[in-house]
Amino acid sequence: MERESSAYKKKCRRIRQMREQRRKIKRRLALAMFFFAVLAFFLVGKTLYGIGRAFAAESGIWKQADSDTGDLLADGGPDEAAALEDEMSDAEKETYIQEHAGLYTEDLLELLGKNAETLDYVYHYPELSDEEQEIDLSEEAEGETLPLLLQWDARWGYASYGDGLIGYTGCAPTCLSMVAIYLTGEADYTPLYIAEYAEENGYYISGKGTDWSLINSGCLAFGIQSREQALDEASMKAALDAGHTLVCSVRKGDFTDRGHFIVLTGYTDEGFTLNDPNSIVNSSRAWTYEELSWQIRKIWKFSKA
């Protein structure tokens, strides 16, 4: 009887051990299945996320705007948001500006109404106006031609100057920047640098704009000097042939409805070439003396000091 009882107990232990092993195996299988399920869910979710984002970008609904604060939201972060915004058509950007006019100043809306080239500059104002931009004009400083710089370039165009922003009040500093960088080879003479210098030293007159004294004598601070140039076609061409650059103050006409500064860079058989800090289009064509002369108020010829 004792042997039978001992055998029975051993048999019971083996059965319990087998049952415990089966429970352990089931637990391990369940844990493995759980991890596989989590991995599958993550992979599927990531795929669907990519598909959904591509669709949203294509349909133009990825970027959203808080109508109260104007904060731009994008699940992909600022870099991806900027990339998606660049995919928007000009018409979509114009529509956005019209629908969110409260995010923009009257001066910016007026600027866009006069110059369609400023669309991106105006459009990005809510998100970039408070950000400090990196400015590197070393490539322009090393160039052999006078660089075209635009006053509404995002790198400096949102900075304040006088009664507004460089983007629409900074034509004179931008022209001097082009001339100074070209003649001195110094990349530090950016439109922002010259605008700050002009404002700090009283060269901006509220309600009128940049005073001509910045062009006459203030320019010496940037390693360049100026002399008055006669409004005469032959004399102007001779000055350009001698290596001078010519800065012109112009009245209401093709370039402005108020007052403006441009830089004459040379001439061809078709007319004078120029850099207009407010227009790539104007800077891309030749202008005859007859087209320019009636608009020019004053001319200065520049050389390295």
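Worth saying up front: this structure is predicted, and the values here are computed from it rather than measured.

Peer 1: Which residues make up the overall build of the chain, and what are the values?
Peer 2: Looking only at helices and strands, one finds 13 helices and 11 strands in the chain. Here the chain, with 305 residues, has 38% of them falling under the buried criterion. Restricting the contact set of the chain to residue pairs at least 6 apart, pairs at least 24 apart contribute 60%. For the chain, the computed accessible surface area is about 18,100 Å², with 51% contributed by carbon and sulfur atoms.

Peer 1: Which residues make up helix α9 (residues 171-184), and what values go with them?
Peer 2: Between its first and last C-alpha atoms α9 spans 20 Å; for 14 residues at 1.5 Å apiece the expected length is 20 Å, and the two agree. Among the 14 residues in α9, 13 count as buried, and that is most of the element. Of the residues one or two after α9, glycine 185 is the one with positive phi, at around 75 degrees.

Peer 1: Got a sec to walk through the packing of aromatic side chains? Specific residues and values, please.
Peer 2: This structure, assessed with the given rule, holds 14 aromatic pairs. When the centroid spacing of 6.1 Å and the interplanar angle of 50 degrees are considered together, the rings of tyrosine 125 and tyrosine 158 count as tilted. In this pair, tyrosine 125 sits in helix α6 (residues 125-128) while tyrosine 158 sits in the loop between α7 (138-142) and β3 (160-161), placing the two residues 33 residues apart along the sequence. Residue classification places tyrosine 158 among the buried positions, given a relative accessible area of 7%.

Peer 1: Lay out the sheet that holds strand β9 (residues 260-268) in plain terms, naming residues and giving numbers.
Peer 2: The strand order β7-β11-β8-β9-β10 describes an open sheet built from 5 strands, whose pairing is antiparallel. Each edge of the open sheet is held by one strand with a lone partner, namely β7 (224-229) and β10 (271-275). Pairs of neighbouring strands in the sheet enclose a mean axial angle of 40 degrees, with direction left out of account. Bridge count for strand β8 (residues 245-250) against β9 is 5 bridges, and the pairing is antiparallel. Bridge pairing in β9 places cysteine 248 opposite isoleucine 262. Packing of helix α12 (residues 233-241) onto the sheet brings it into contact with β7, β8, β9, β10 and β11 (296-304), and relative to β9 it is tilted by some 80 degrees.

Peer 1: For the pattern of salt bridges, give the residues involved together with the corresponding values.
Peer 2: Counted under the stated rule, the structure contains 9 salt bridges. For the salt bridge of arginine 155 with aspartate 153, the shortest nitrogen-to-oxygen distance reads 2.9 Å. Overall, arginine 155 belongs to the partly exposed group, its relative accessible area being 27%.

Peer 1: Account for the side chain of serine 283, naming residues and giving values.
Peer 2: Inspection of the secondary structure puts serine 283 in the loop between β10 and α13 (289-293). A distance of 2.7 Å separates the side chain of serine 283 from the backbone oxygen of serine 279, its partner in a polar contact.

Peer 1: Would you mind going over helix α3 (residues 90-99) in detail, with residue names and values included?
Peer 2: Those residues of α3 that sit buried are Lys93, Tyr96 and Ile97. Buried residues of α3 fall within an arc of 100 degrees about the axis and therefore sit on the same side. Exposed and oriented more than 90 degrees from the buried face of α3 are Gln98 and Glu99.

Peer 1: I'd like to hear about the packing of α9 against helix α10 (residues 191-200), residue by residue, with values.
Peer 2: Relative orientation of the contacting elements α9 and α10 amounts to 125 degrees, with a least axis distance of 8 Å. One finds that α9 runs oblique with respect to α10. Between α9 and α10 lies a crossing whose hand is right-handed. Seen from α9, the contacting residues are Pro173, Thr174, Leu176 and Ser177; seen from α10, they are Pro191, Ile194 and Ala195. Across the contact of α9 with α10, the residue classes tally to 5 nonpolar, 2 polar and no charged.

Peer 1: Let's hear about the nonpolar core: which residues, and what values?
Peer 2: Counting residues in hydrophobic clusters, the biggest one holds 32 residues, and the most contacted among them are Leu176, Val179, Phe222, Ile224, Phe261 and Phe302. When residues of this core are traced back to their parent elements, those giving at least two are α9, α10, α11 (213-216), β9 and β11. Looking at this core element by element, the count peaks at 9 residues for α9. What leucine 176 contacts, discounting residues up to four positions off in sequence, is Ile194, Leu214, Ile215, Cys219, Phe222, Ile224 and Phe302.

Peer 1: An account of a negative patch on the surface is needed here, citing residue identities and associated values.
Peer 2: Taken together, the side chains of Glu106, Asp107, Asp163, Glu196, Glu199 and Glu200 define an acidic patch exposed on the protein surface. Within the residue set of the negative patch, elements represented by two or more residues are α4 (106-114) and α10. Examining the composition of the negative patch, we find that 3 residues originate from one element, α10, more than from any other. Looking at where glutamate 199 falls in the secondary structure, it is placed in helix α10.

Peer 1: Give a detailed account of the state of the cysteines, specifying residues and quantitative values.
Peer 2: Here, disulfide denotes a covalent bond that connects the sulfur atoms of two cysteines. In total, this model carries 0 disulfides according to the counting rule given. Unpaired in this structure, cysteine 171 has its nearest cysteine sulfur neighbour in cysteine 175, at a distance of 6.3 Å.

What counts and what doesn't
- Residues numbered from 1 in each chain as written.
- Predicted model: local features only at pLDDT ≥ 70, side-chain atom pairs only at ≥ 80, totals over all residues.
- Heavy atoms only, no water.
- Helix = DSSP H or I, 4+ residues; strand = E, 2+ residues; numbered from the N terminus.
- Buried < 20%, exposed > 50% of the residue type's maximum accessible area, 1.4 Å probe, protein only.
- Contact = heavy atoms within 4.5 Å.
- Areas by Shrake-Rupley, 256 points an atom, 1.4 Å probe, with all protein chains shown as cover.
- Expected span 1.5 Å × (residues − 1).
- Phe/Tyr/Trp six-rings, centres within 6.5 Å; stacked < 30°, edge-to-face > 60°.
- Pairing = 2+ DSSP bridges.
- Axes fitted to C-alpha atoms, helices over the stretch in contact; angles between N-to-C directions.
- Salt bridge = Lys/Arg side-chain N within 4 Å of Asp/Glu carboxyl O.
- Polar contact = N/O pair within 3.5 Å; in protein donor to acceptor, adjacent residues only side chain to side chain.
- Arc of directions from axis to C-beta.
- Parallel < 35°, antiparallel > 145°, perpendicular 65-115°, else oblique.
- Left-handed = near helix turned anticlockwise from the far one by under 90°.
- Nonpolar A, V, L, I, M, F, W, Y, C, P; charged D, E, K, R; others polar.
- Core = buried A, V, L, I, M, F, W, Y, C linked by side-chain atoms within 4.5 Å.
- Patch = residues over 30% accessible without salt bridge, like charges linked within 9 Å, V, L, I, M, F, W, Y side chains within 5 Å.
- Lys, Arg positive; Asp, Glu negative; His and termini not counted.
- Charge placed at Lys NZ, Arg CZ, Asp CG, Glu CD.
- Disulfide = S-S within 2.5 Å.

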